[in-house]
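Understanding the architecture of this molecule
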Amino acid sequence: MNDLNEWSAAADDFTKVMNSKGLFAQFSCDMLDMTIPNVEKSLRVLDVACGAGSLTIQAAERVSQHHGTVVAVDILQTMLDRLSANLATQNLQNVELHCLNGEDMYSLEPESFDFAYSSFGVNIFKDRQKGISEMYRLLKPGGIASISTVDRDWVEYEMVRDAFEELGEKRDIPDEILSKQTTLDDKELMDLYINAGFKSVEIHRSTRVEMMNLDTLIDFFKSPIFAALAEAIPESKRHLILPTIKKQLLEKYKCDIVPFEGTCVISIGTKGNHQ
Ligand SMILES: C[S@@+](CC[C@H](N)C(=O)[O-])C[C@H]1O[C@@H](n2cnc3c(N)ncnc32)[C@H](O)[C@@H]1O
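Presented here is an overview of the structure given in this document. (Residues numbered from 1 in each chain as written. Predicted model: local features only at pLDDT ≥ 70, side-chain atom pairs only at ≥ 80, totals over all residues.)

1. Some thoughts on the overall build of the chain
Of regular secondary structure, the chain possesses 12 helices and 7 strands. A globule of 275 residues ought to have a C-alpha radius of gyration of about 19 Å, and the chain, at 19 Å, matches this closely. When the backbone C-alpha atoms are referred to their principal axes, the chain occupies close to 55 × 40 × 35 Å. Taken over 275 residues, the chain has a buried fraction of 41%. Sequence separation of at least 24 residues holds for 83% of the intrachain contacts in the chain that already meet a minimum separation of 6. (Helix = DSSP H or I, 4+ residues; strand = E, 2+ residues; numbered from the N terminus. Rg over C-alpha atoms; globule rule 2.2 N^0.38 Å. Buried ≥ 20, exposed ≤ 12 C-beta atoms within 10 Å, placed from the backbone. Contact = placed C-beta atoms within 7 Å.)

If you want it as structure tokens, here you go:
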């Protein structure tokens, strides 16, 4: 299976967590609070790799007061179908959906957006630089881009490392696996913005917690991100990773509602007014 088929197969389990009122929605709210604390005019907002819309929905609600719009892009129609269903339940009508590769959003008008976001999206692209450069191209002069990612000590990675150890393997997740999911450090992230042409870049962190049903959390681990991590240990032991994580969390919390706490990296780049 290629990565995209894997995303499609995992969509239900994954979007249960990404789309809840929980951790990822809180990170999306942080991104919006840091960039659009108040809406004073009609805004056009882009959400790249929108998934089922943990950011899209909140952005659409926020900009609706001045008749603003959100353009939501994902490479998978299955994700856009979920977003479409979610928008219908919220009765939000100011969102346009486009099935496009975020590395080449050729059909969107250049310099037409006030804000461009990607919540846990661009970091998993084959070519992150293309993704950020496309956001830059589509922003108006003075426009703002914001991307959320995770650090290499992200809670999910630590849970996987703990399971590796219990299974008699090294705690390491090789760099070649992690580098497909997240940047090495803040400098690598900043360079992506600067190389795209952004004039200034800020990096913030936000720590949030969601109390989550243990089985929902374990299902979340069925995403392609997790499948790639499992490749760090021999194939014969990979099927033991999820039961081991579940056992370890049950031992630690003695309850099937567990805290899922994580620190997200929120980067913000501003496009200069004169190119
Ligand atoms: C981790 S999910 C994040 C979803 C959403 N932004 C959120 O925060 O809930 C990653 C999303 O990226 C999409 N994706 C992966 N590669 C992409 C690409 N090259 N262009 C556009 N979307 C892509 C996947 O289909 C998936 O919906």
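Once the structure has been displayed, the description carries forward.
2. A short note on the packing of helix 2 (residues 23–35) against helix 3 (residues 56–63)
A pair of packed helices can be characterised by two numbers: the angle between their axes and the separation between those axes. Close contact between helix 2 and helix 3 brings their axes to 9 Å; oriented N to C, the two are set at 40 degrees. Taken as axis vectors, helix 2 and helix 3 run oblique relative to one another. The handedness of the crossing between helix 2 and helix 3 comes out as right-handed. In this structure, helix 2 uses Ala25, Ser28, Cys29 and Leu32 to contact helix 3, whose residues at the interface are Gln58, Ala59 and Arg62. Residue composition of the contact of helix 2 with helix 3, grouped by class: 4 nonpolar, 2 polar and 1 charged. (Axes fitted to C-alpha atoms, helices over the stretch in contact; angles between N-to-C directions. Parallel < 35°, antiparallel > 145°, perpendicular 65-115°, else oblique. Left-handed = near helix turned anticlockwise from the far one by under 90°. Nonpolar A, V, L, I, M, F, W, Y, C, P; charged D, E, K, R; others polar.)

3. Quick look at the sheet that holds strand 3 (residues 95–99)
Judged by pairing direction, the sheet is mixed, and its 7 strands sit side by side in the order 3-2-1-4-5-7-6 without closing on themselves. The open sheet is flanked by strand 3 and strand 6 (200–213), the only strands paired with a single partner. This sheet shows a mean twist of 20 degrees between the axes of neighbouring strands, independent of strand direction. Sheet topology places strand 1 (residues 44–48) next to strand 2 (residues 69–74); 5 bridges connect them, and they run parallel. Bridged to Arg44 within strand 2 is Thr69. The strands that helix 5 (residues 128–138) touches are strand 1, strand 4 (113–119) and strand 5 (139–150); relative to strand 5, the one it contacts most, it runs at about 150 degrees. (Pairing = 2+ DSSP bridges.)

4. Describing the pairing of strand 4
Within strand 4, 6 of the 7 residues are buried, which leaves it mostly tucked inside the rest of the structure. With 6 bridges joining them, strand 4 and strand 5 adopt parallel strand pairing. Pairing of Phe115 across the sheet is with Ile144, part of strand 5. Between the parallel pair strand 4 and strand 5, the chain is carried across by helix 5, and the sense of this crossover is right-handed. (Right-handed = clockwise from strand over helix to strand, strands pointing away.)

5. Quick look at the packing of helix 5 against helix 8 (residues 186–196)
In contact at an axis separation of 9 Å, helix 5 and helix 8 are set at 50 degrees when each is read in the N-to-C sense. For the element pair helix 5 / helix 8, the angle class is oblique. Crossing of helix 5 against helix 8: the hand is right-handed. The residues of helix 8 that touch helix 5, namely those facing Arg128, Gln129, Ile132, Ser133 and Tyr136, are Leu192, Tyr193, Asn195 and Ala196. Residues that form the contact of helix 5 with helix 8 fall into these classes: 5 nonpolar, 3 polar and 1 charged.

6. Some points on the environment of Ala227
The residue Ala227 is located in helix 10 (residues 224–230) in this model. The partly exposed category is assigned to Ala227, around which 16 C-beta atoms lie within 10 Å. Along the chain, Ala227 and Val150 lie 77 residues apart, while their C-alpha atoms are 17 Å from each other.

7. Regarding the pairing of strand 5
Within strand 5, 9 of the 12 residues are buried, which leaves the element mostly enclosed by the surrounding structure. Two strands pair when backbone bridges link them, and strand 5 and strand 7 (residues 257–270) are joined in this way by 7 bridges, in the antiparallel orientation. Across the sheet, residue Ser146 finds its bridge partner in strand 7, namely Ile268.

8. Concerning unusual backbone geometry
Located in the positive-phi region is His67, a residue other than glycine, with phi close to 60 degrees. A positive phi is found at Asn91, a non-glycine position, where the angle reads about 55 degrees.

9. Comments concerning helix 4 (residues 77–90)
Over its 14 residues, helix 4 runs 20 Å from end to end, which matches the ideal 20 Å to within 8%, given 1.5 Å per residue. The positive-phi residue at the C-terminal boundary of helix 4 is Asn91, with phi of around 55 degrees. (Expected span 1.5 Å × (residues − 1).)

10. Looking at the environment of Thr69
Mapped onto the secondary structure, Thr69 falls in strand 2. A count of 18 C-beta atoms within 10 Å places Thr69 in the partly exposed class. Sequence spacing of Thr69 and Leu100 is 31 residues, and the spatial spacing of their C-alpha atoms is 18 Å. Thr69 has contacts with Arg44, Asn94 and Glu96, leaving out every residue within four places of it along the chain.

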